[in-house]
Structures are given as C-alpha cells and as structure tokens.
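These are the residues of each chain, in order.
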Amino acid sequence: MSREGARRETAAPGDRAAERSRTIATVAGLHAELVRYNLVAWTAGNVSGRIPGEDLFVIKPSGVSYDELSAANMVVCDLDGDLVQGAHAPSSDTAAHAYVYRNMPDVGGVVHTHSTYATAWAARGEAIPCVLTAMADEFGGEIPLGPFALIGDDSIGRGIVETLKGHRSKAVLMRNHGVFSIGKDPRAAVKAAVMCEDVARTVHVARQLGEPLPIPQDDIDRLYDRYQNVYGQRSPR
Ligand SMILES: [Zn+2]
C-alpha cells in the first residue's frame, strides 16, 4: 500500500470530518462554474467529488435550482450510489457517477452537462476531431463518442468507463445525451467540461467554413506532453 493510503487509513475521525466538509463546500461552489460558463439549463447538470480517504462522494441533490445550491443541501453517497448523508434525494445521474468512482480509482471528480455545442456533436453521433492545439493540450486527441445508454441502471456509467479508460481524453460525448467529464479532483473535471464545450463550439464554427485541418499525431503528442508536464506554475525545487 502507498504511504498516502496508509496515512489515510490512520486519519483521525476529526480529520475525516474536516475532509468531508471541505469536499462538500468545494462541490457546492463548483456548481456556480457550470452556470458561469453557460453549460446548464434549469436543473440539468451536476458535479460530484470523491471524499479523500473514504469510499464516499458528494453530489448535487436532485431537482434543486442552481440558485439554491449550497453546502447545506449537497448529498453524500457511498460508491453504490446509496444516500449516506443529506436531506434531499441525490441527482438522478448518481448511479453513473458511482460507477465511475468504483471503476476508476484515480478519478476524484465527475461532471455531467448537456452543454449546447458538445451535445450537438453527441446528437450527431460524432467524436470531435483534434484540430486545435488547445484540444491536443487538454484532451491529447479527439474527444471520443460513448454509446447510447438509458438512465436507470449501470449502462451510462459503463459507457463512460469503457470509453475513457485508457483514453487521454477526460471528456466523453455520450451519444444523443451529453457530456461526462472526469478529473483528479472535482475542479479538474469542471475544467474539462468547460474546455470540451469551448472546443466543440470552435470546431463546429470551423466546419461551417470548410474542412478543419488535422494536426499530425507527432505534434499532438508533443503538445499534450508539454501541457501535462511542463505548462503552468511549477512548485519550486
Ligand atoms: Zn443528462
């Protein structure tokens, strides 16, 4: 077991409660980003976050408007999607989030939206080709298409995991439905959802003008490697 894992198992109950509260506050606050970036309508869309050190995650309650979301009405579920803490029913997409957490242990955050341009690609049943350096940076290639799946069992979760496991992309277009994105934490998953919609819009506009130019695979690989490993603020050594 990793040192991190060993440390987590011996965390005092007070530390665990603090981690839980911190994750609840983070997930509640991140819902405002979905509104800010115009990714959601009415009560559609949701963010969840794994609680570090516990087999639990925080998710949006079902049917509560974005204006009313706060840490107080978030819900906590176990990895089977069953309610553990909270006064509301969990989001109707909870089973899909739970399936991802059960099957992708490195995932710490999941986001779902029906954001307009990305969902238009999903409605056409087409992956978004990698024709922008920003796509190579963030997604390392195309944003793939997942299967058509109905809500009610594990089909959506299975479709997400089967498409994204082993894929560089942190977002999947579920056919005829919308976007699911993942990240090492909930904030990274929100970023992937925002970037997915941004590139979906740009590539769509490019398509109206002609055929977008592909980026050679070597260059995609270089861009992805640089962005994932070098770009951004580095901690001092
Ligand atoms: Zn949906």
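Scroll up for the structure.
Heads up: these notes are all about the structure in this document. (Residues numbered from 1 in each chain as written. Predicted model: local features only at pLDDT ≥ 70, side-chain atom pairs only at ≥ 80, totals over all residues. Heavy atoms only, no water.)

**Things to note about the coordination of the zinc ion**
Stage number 1. Listed as protein donors to the zinc ion are H112 (NE2), H114 (NE2) and H177 (NE2); their distances from the metal cover 2.0 to 2.1 Å.
Stage number 2. Along the chain, the residues donating to the zinc ion are arranged with the sequence spacing H-x1-H-x62-H. Of this pair, H114 sits in the loop between β5 (109–113) and α4 (116–124) while H177 sits in the loop between β7 (171–174) and β8 (178–183), placing them 63 residues apart in sequence.
Stage number 3. The exposure class assigned to H114 is partly exposed, which follows from its relative accessible area of 38%. (Donors = N, O, S within 2.8 Å, 3.2 Å for Na, K, Ca; no water. Helix = DSSP H or I, 4+ residues; strand = E, 2+ residues; numbered from the N terminus. Buried < 20%, exposed > 50% of the residue type's maximum accessible area, 1.4 Å probe, protein only.)

**Regarding the pairing of β7**
Stage number 1. Here β7 shows two buried faces, one formed by A171 and L173 and the other by V172 and M174.
Stage number 2. Where strand β6 (residues 145–146) meets β7, 2 bridges bridge the pair, whose relative direction is parallel. For L145, the partnering residue across the bridge sits in β7 and is L173.
Stage number 3. Taken together, β6, helix α6 (residues 155–164) and β7 form a β-α-β motif whose crossover is right-handed. (Pairing = 2+ DSSP bridges. Right-handed = clockwise from strand over helix to strand, strands pointing away.)

**Considerations on the layout of surface pockets**
Stage number 1. Roughly 630 Å³ of volume is contained in the largest pocket.
Stage number 2. E138, K184, R187, A188 and K191 are, among the 21 residues lining the largest pocket, the residues nearest its centre.
Stage number 3. Only α2 (13–36), β8, α7 (186–209) and α8 (217–229) provide two or more residues apiece to the lining of the largest pocket.
Stage number 4. At 7 residues, α7 tops the list of elements feeding residues into the lining of the largest pocket.
Stage number 5. The residue inventory of the lining of the largest pocket, partitioned by class, reads 11 nonpolar, 2 polar and 8 charged. (1 Å grid on protein atoms, 1.4 Å probe; cavity = no way out; pocket = protein on both sides within 12 Å on 5 of 7 lines; lining within 4 Å. Points joined across faces, edges and corners; volume = space filled by probe spheres on them. Nonpolar A, V, L, I, M, F, W, Y, C, P; charged D, E, K, R; others polar.)

**Re helix α3 (residues 94–103)**
Quick reminder: α-helices carry 3.6 residues per turn. Residues three or four places apart thus point the same way.
Stage number 1. In terms of residue burial, α3 counts as a mostly covered element, since 7 of its 10 residues are buried.
Stage number 2. Those residues of α3 not exposed but buried are T94, A96, H97, A98, Y99, V100 and Y101.
Stage number 3. Contacts from the buried residues of α3 go to β1 (46–50), β2 (56–59), β3 (75–78), β5, α6 and β8. (Contact = heavy atoms within 4.5 Å.)

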